[in-house]
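Summary of structural features
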Amino acid sequence: MNKALILDIKGNSLDDGPGIRTVVFFKGCPLNCVWCHNPESKRATPELSWDGRECIGCYSCKNVCALNAIIPGSTHFINRAVCNLCFACVDVCPSGAMSKVGKLMAVEDIIQTIIKDKPFFDTSGGGVTLSGGEPTVYMQFASELLKALKKIKIHTLIETGGYFNGDEFEANIVPYCDMVYYDIKLIEDFKHKKYCGVSNAKILQNFKKLVELSQKNAIQVMPRIPLVPGITATKHNIEGIAHFLRECGVNRVQLLRYNPLWPEKCFKIGSNGNIDKALTQWMSQKDYEFYAKILVKNTIQL
Amino acid sequence: MLLYTTNIRSSKGTRIIIFLFLKFIAFNFNNRKSLNRYLTSKDGWLNFSIGLKTEDNSLQYGISFFEGKVAVTKTIAHDAKAVMIFKNDEAARKLLLGTPTDVIYMLLKSDVRIEGSISYANIFSFFISLLFHDVQKRAMKTERKKDDKTVKRQQPEHNKQLSDEIVKRRKERLKAEGADPHVVYLDDAYLSKYSMDDFPRLQRFLHDHLTKKPAVCAERAYLLTKWYRENGFEKDSSGNNWDPIVRNALAYKYMMENRKPLINDESLLAGTTTSKPIGCPIYPDGSGIMIWNELMTISYRTYNPFDIDEQTREVLHFDVFPFWLHRNFREWVRDKYNNPLSQQLDERYALYFNWKQATISHTIPNFPKVLAMGTLGMIQEMHEELNSGCGEEKQNCLTAMILCLEGVNAYAQNLSKQAMGDSNREQNPQRKQELLTIADICSRIPMHGAQTLHEAVMAVWIIWIALHMESMNAGLSLGRLDQWLQPYFVNDMKNIPPEKRDEYMKFALELIGDFYMRCTDHFPLTPDLANFYFGGSSSDQAITLGGVTPEGTDAVCDMTYIFLKVTEMLSVRDPNVNARYMPGVNSDTYLKRLCEVNLITAATPSMHNDAAIIKALTPMGYPINDIRDWSATGCVEPTLSHKHFGHTNMQMMNMVAALEMTLNNGYHPLTRLDVGPKTGRPEDGVFTTFDTFFDAFTQQFAFLIDQSIDYNNKLAEAHQLIRPTPLLSAFIEGCLEKGKDVTMGGAKYNSSGTAIIGLADVTDSMMAIKKLVYDEKRYAFADIKKAVDSNFAHDAVLLSLVHKKIPLFGSGSDEAVAMANRITTWAHDHYSKMPHYRGGAYATGFWSMSNHVAFGTLTGALPSGRLAGKPFTPGLTPQPFASKNLLDNIRDVARLNPENCNNNIAFNVKVVPSAIESRQKTVNDMFSYVKTYFELGGMQMQMNVVTSAVLRDAMAHPENYRNLIVRISGYNAYFVTLNRQMQLELIERAEYGI
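Model, not experiment: these values are computed from the prediction.

Below, the discussion takes up the interface of chain A and chain B. Listed as interface residues are 19 residues of chain A and, on the opposing side, 23 residues of chain B. Here chain A and chain B share an interface that buries about 1,800 Å² over both sides, 58% of which is from carbon and sulfur atoms. The tally of links between chain A and chain B comes to two salt bridges. Where Glu54(A) meets Lys804(B), a salt bridge forms, and the shortest distance between an N and an O atom there is 2.4 Å. Applying the counting rule to chain A against chain B returns nine residue pairs in polar contact (both at pLDDT 80 or more). Counting residues per element, the ones that place at least two in the side of chain A that touches chain B are β1 (3–13) and α4 (118–124) of chain A. Ranked by residues supplied to the side of chain A that touches chain B, first place goes to α4(A) with four residues.

Turning our eyes to something else, we now look at the sheet that holds strand β8 (residues 179–183) of chain A. Residue and element names in this part refer to chain A. Spatial strand order, β5-β1-β2-β6-β7-β8-β9-β10: eight strands in an open sheet with mixed pairing. Because the sheet does not close on itself, it has two edges, and the strands there are β5 (103–106) and β10 (254–256). Across the sheet, the mean angle separating the axes of adjacent strands is 30° when strand polarity is ignored.

Detailed reading of predicted coordinates is not advised where the pLDDT is low. Residues of chain A with pLDDT of at least 70 account for 99%, and the chain-wide mean is 93. Helix α10 (residues 263–268) of chain A is the least confidently modelled element of chain A, averaging 85 in pLDDT, while strand β7 (residues 155–160) of chain A averages 98, the highest of any element.

All names here are of chain A. Scanning all chains against the criterion turns up 83 salt bridges over all chains. Measuring nitrogen to oxygen at the nearest pair gives 2.5 Å for the salt bridge that ties Glu47 to Lys27. With Glu47 in strand β3 (residues 47–50) and Lys27 in the loop between β2 (21–26) and β3, this pair connects stretches of sequence that are 20 residues apart. Summarising the burial analysis for this pair, Glu47 and Lys27 share the class buried. Of the charged contacts, one joins Lys193 and Asp189 as a salt bridge, the two residues approaching to 3.4 Å between their closest N and O atoms. With a gap of four residues between them, Lys193 and Asp189 both fall in helix α7 (residues 189–196), about one helical turn apart.

Let us now look at the packing of aromatic side chains. For the structure on display, the rule yields 61 aromatic pairs over all chains. Ring geometry for Phe21(B) versus Phe132(B): centroids 5.7 Å apart, planes at 20°, classification stacked. Taken as a pair, Phe21(B) in helix α1 (residues 11–31) and Phe132(B) in helix α5 (residues 118–154) lie far apart in primary sequence, 111 residues in all. For the pair formed by Phe21(B) and Phe132(B), the shared burial category is buried. Joined through ring pairs, the aromatic side chains of Phe29(B), Tyr38(B), Phe48(B), Phe65(B), Tyr120(B), Phe124(B), Phe126(B), Phe127(B) and Phe318(B) make up one cluster. The ring of Tyr288(A) has Arg257(A) sitting right over it, with the charged end atom 3.9 Å from the ring centre. Across from the ring centre of Tyr337(B), 4.7 Å away, lies the NZ or CZ of Lys714(B), which sits over that ring.

Moving on, we come to α1(B). Between the first and last C-alpha of α1(B) there are 30 Å, a value that for 21 residues agrees with the 30 Å anticipated at 1.5 Å per step. Every buried residue belonging to α1(B) is among Gly13(B), Thr14(B), Ile17(B), Ile18(B), Phe21(B), Leu22(B), Ile25(B), Ala26(B), Asn28(B) and Phe29(B), and all of these are buried.

We now examine the domain arrangement of chain A. All names here are of chain A. Looking at chain A, the domain boundaries give domain 1 (3–45 + 102–297) and domain 2 (50–101). Spacing between the C-alpha centres of domain 1 and domain 2 amounts to 32 Å. Facing the twelve residues of domain 1 at the interface are eight residues of domain 2. Interface of domain 1 and domain 2: buried area, both sides summed, is about 850 Å²; carbon and sulfur atoms make up 53% of it. Contact with domain 2 buries surface across domain 1, with Gly102, Phe267 and Lys268 losing the most and accounting together for 58% of the total. Across the contact surface, domain 1 and domain 2 share two salt bridges. Of the charged contacts in the structure, one is a salt bridge between Asp51 and Lys268, with a shortest N-O distance of 3.4 Å. Linking domain 1 with domain 2 are six residue pairs in polar contact (both at pLDDT 80 or more). In terms of residue count, the dominant contributor to the side of domain 1 that touches domain 2 is α10 (three residues). Its residues assigned to classes, the side of domain 1 that touches domain 2 comprises three nonpolar, five polar and four charged.

The rules behind each value
Residues numbered from 1 in each chain as written. Chains lettered and ligands numbered in written order. Predicted model: local features only at pLDDT ≥ 70, side-chain atom pairs only at ≥ 80, totals over all residues. Heavy atoms only, no water. Contact = heavy atoms within 4.5 Å. Buried area = accessible area lost by both parts, 1.4 Å probe. Salt bridge = Lys/Arg side-chain N within 4 Å of Asp/Glu carboxyl O. Polar contact = N/O pair within 3.5 Å; in protein donor to acceptor, adjacent residues only side chain to side chain. Helix = DSSP H or I, 4+ residues; strand = E, 2+ residues; numbered from the N terminus. Pairing = 2+ DSSP bridges. Axes fitted to C-alpha atoms, helices over the stretch in contact; angles between N-to-C directions. pLDDT = per-residue confidence, 0-100. Buried < 20%, exposed > 50% of the residue type's maximum accessible area, 1.4 Å probe, protein only. Phe/Tyr/Trp six-rings, centres within 6.5 Å; stacked < 30°, edge-to-face > 60°. Lys NZ or Arg CZ within 6 Å of the ring centre and 35° of its normal. Expected span 1.5 Å × (residues − 1). Domains from an automatic or database assignment. Nonpolar A, V, L, I, M, F, W, Y, C, P; charged D, E, K, R; others polar.

This is the structure in structure tokens:
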């Protein structure tokens, strides 16, 4: 594969690893978490997004749509059952309310975009982060991208949900990657199937393998727990993860605060979704500290 | 409402109202002694007439003041001193019935314009004010109340969490990691163990500063005027022509000998800028008489009110202002050159503003010299020069310098006597001792060289007062005080035993803090209009820290960090602290500290890249050692310390006006001035290529530039005759040898600098035109013109396209950066080709003070999608919506060619510290941005570390944010003292989280 479907390349990120970083978001993910805050990254195909706030109501899109798939005033503005993703509307939209989600890019394209940020990486100890979606969906491509980045001496980090072929990851990613941010969401397998769509057995197994590799200094590993009200944010789950980490010999973790602003992203790409009320609220500082305490009690450093 | 509300809308109705109004004035002034007395002055009756009319002459009246009698006429006298011309009937009614803020906006927006002398129009306004000031005051109060209500409706409850966050910032302080080679005595360079809690004296100074209202002080103006009345201004008492420089020196000496020697009752430094605790000195030869119309109301105005006592009012109206009515720079030019076009354009507010109508200032005095040899040493040098034989001009110049220094010495001696007397009366033993020390120091300083830090700072302060007594407090700057005071600090430290060092450190911090607060004892006497142009600005006394020595080595030293610590603790808007950073020479420790101080104070110091400045100044032919010794002047501009008369803020130039004139065939829409070259109507398709349009733009811009320089030169001539500055010349290298005043070109290096406003707006507009009309051929020029003329009311698609789909400056587009460079190159080349009246060159800068807001108000919609009346971007900062990514902004600004920006730039970055990140991480992130920006070649960066939420809360509940400073474009201001438009502009700046 010489091109991958890229969602976005976002520079100046301070939250996706050390220093100032540029994040490459891949489109496509084997999981289907109900709380995913990048819902437009789930499918590995291009999609059409309509942002009502940017729309100026000029109907240039409607006028150009050969299939009459654009219905102003309707819930999602676009009748996606009819739409064939020709993206003619995107070309004529003056405000960018209509946009194409997902662009095929080659490694060289990505490098060319990223390289302008290198002076900031050098000063801040930053680099490039692969994220998404799930970058390992494009295992070969990710490997080549990471290789190219290492060639020009850029620090590399991959954010992953852990659902990949462990041997392939070890062969293709580990040699060119300085750091892994590894999501551990739910410790109970049946819950993981229910809320994320797949079993967590492979995920936990891959994590153990990576920890072993980190002990041999092949790569740095940082586990991350996304706090999701009522789902991952339970005493039982956090304690369970804490025990798991201790068993692996890991004594640090990042506890991620919940971001409830994703439902409107669903709307833009036409997902209906009955969203639980609990998932539309910010988590209180008190609650965050409650779960943080559990980890600290289990001698896990935040 | 001024008179009464009326529903009469007809032209006839307006004529009746105006007529009755004028008759009412005449009646009252003719029949009431208490008013009639104002028609006279020490120089006799105020005799003049004013005209009022509409543009179409449907309304025409005159009012004349002659020998104490007021008459209303149905025609305008041919020799009327000023004619107020209303755009239409409605404007005439509005002027009489509107609030003072309405009147200002009417002037700015050309709803009313003045043909002739604005000074006489001001006298007329003053007379109106004498009659109606109660009504005016009520109107101001009502206006304030209404505005306050509106703002509080948007934010009813004060959010204490927000104001607490700002205060809490200073509680956490980092310790320095790493060391600088020339920091000798500080274990922790960041001095983190100290806070304001350790300095109760400074706390009290700060409290006074934030709560006391400034007052107009007539002392200086009164004494000078007295001397001139007794000894003559144009001619001396024998009837011979005065040499201006000797005349001014004699008057100056008299004034310095006779002004009150005051000592703030808690300060370690003697001397005050005025006779008031916080005073506005008056420079009637410059812009002083511009407040004539506000004598009754200046205490009640909404922005920057000043107290004024009855005695001051009387002195100004009867004595001072009449004397200087024709002896100020503006009126002198008007009289000699018959109200030239270049002056008229300046007085329409929207095109350019030439600072010489107020002052020159904007330089760095030779503190090192006076610290080393004292004023007596300097006088000695001058005598030696005189004895070596010289022509008349040199003789007069040196004599004048000596006289001025003698005046300074007399003042210092008076301070010493005063301190002695105060100490005899003082009960508190600690204060008694302090006063004795002051008395002792002032008996020797500044006459002799300094030995200790206290003596050095005292010398600097007294000289500073002395310089302000000669010429306006606007942009005169303090220079590299860290460098120049370091030897005295080191000397003191050497003589102090180690166990006493901590005590001395506290003393040093307190002394420098005291000095900062002395610098706040005065405020420029701004006319109300200036509150819209230069909102919130004080004197802009720039201090410059760090960088490299003339030899190129690391200049960061103990005093650098002491100044930074004082800056952090006090968080005052002025002195305007600027920090120089040389990549590869100055340390990361130092740069991180600059970032931390920016975080704690939310807005200072401004940071400069020495490498880029050196690159910018080298083509001007200055020797590298002198370039390396540069200091920030006024706002951000570089001058070569104490050798360079650079008038770095010669003018504020509205480059967007040139664009508007290009779109309108030489006609400026708002001012209705049809004076530009006839480059053609774009809607007729005359510009067949983009380059022909760009060329037309340069023709319009050249017209404005040439006119502005013409006025600049005429004003410069006025300065040479009315106010040469021999004292300042004594402190600028070159004047002694050449025997010439700075105004005549005596300085070793000469230049003048402009501040060009609207670079991002013009670049973006050019990009929109190039892309849509020429590259993609999506629109005809006529379509763009139509959209712009109608403020995009019917062109939502076009407006959206230019906002979202055009590559803007700051978005990372190579093309847009190239366009910006094309513009700066053209501007720089045009200015630098022009002959300079002092034999130097013109330098171009891209920063705006607050004029981007004022000029924006006066400009219509632009092809960039900016709507009518909205501010331009500050300095050359990209549009807030150019890119979501701060790095794009940083990179694009860094790619501007520094040689075109030899009068510096202002690049504003608004960052928001994360609530959860550690202090260390936040400082490291800020450091990464700044360091990379400098490494990429960026010249200057200034920050606002505050959220829009905080600013909105501060706008509605100012009492909780009295001390919050913001960076405008080149200077700091207290957010709560800014006008609403300026506040909103700051709120709307793009913010980036860290």
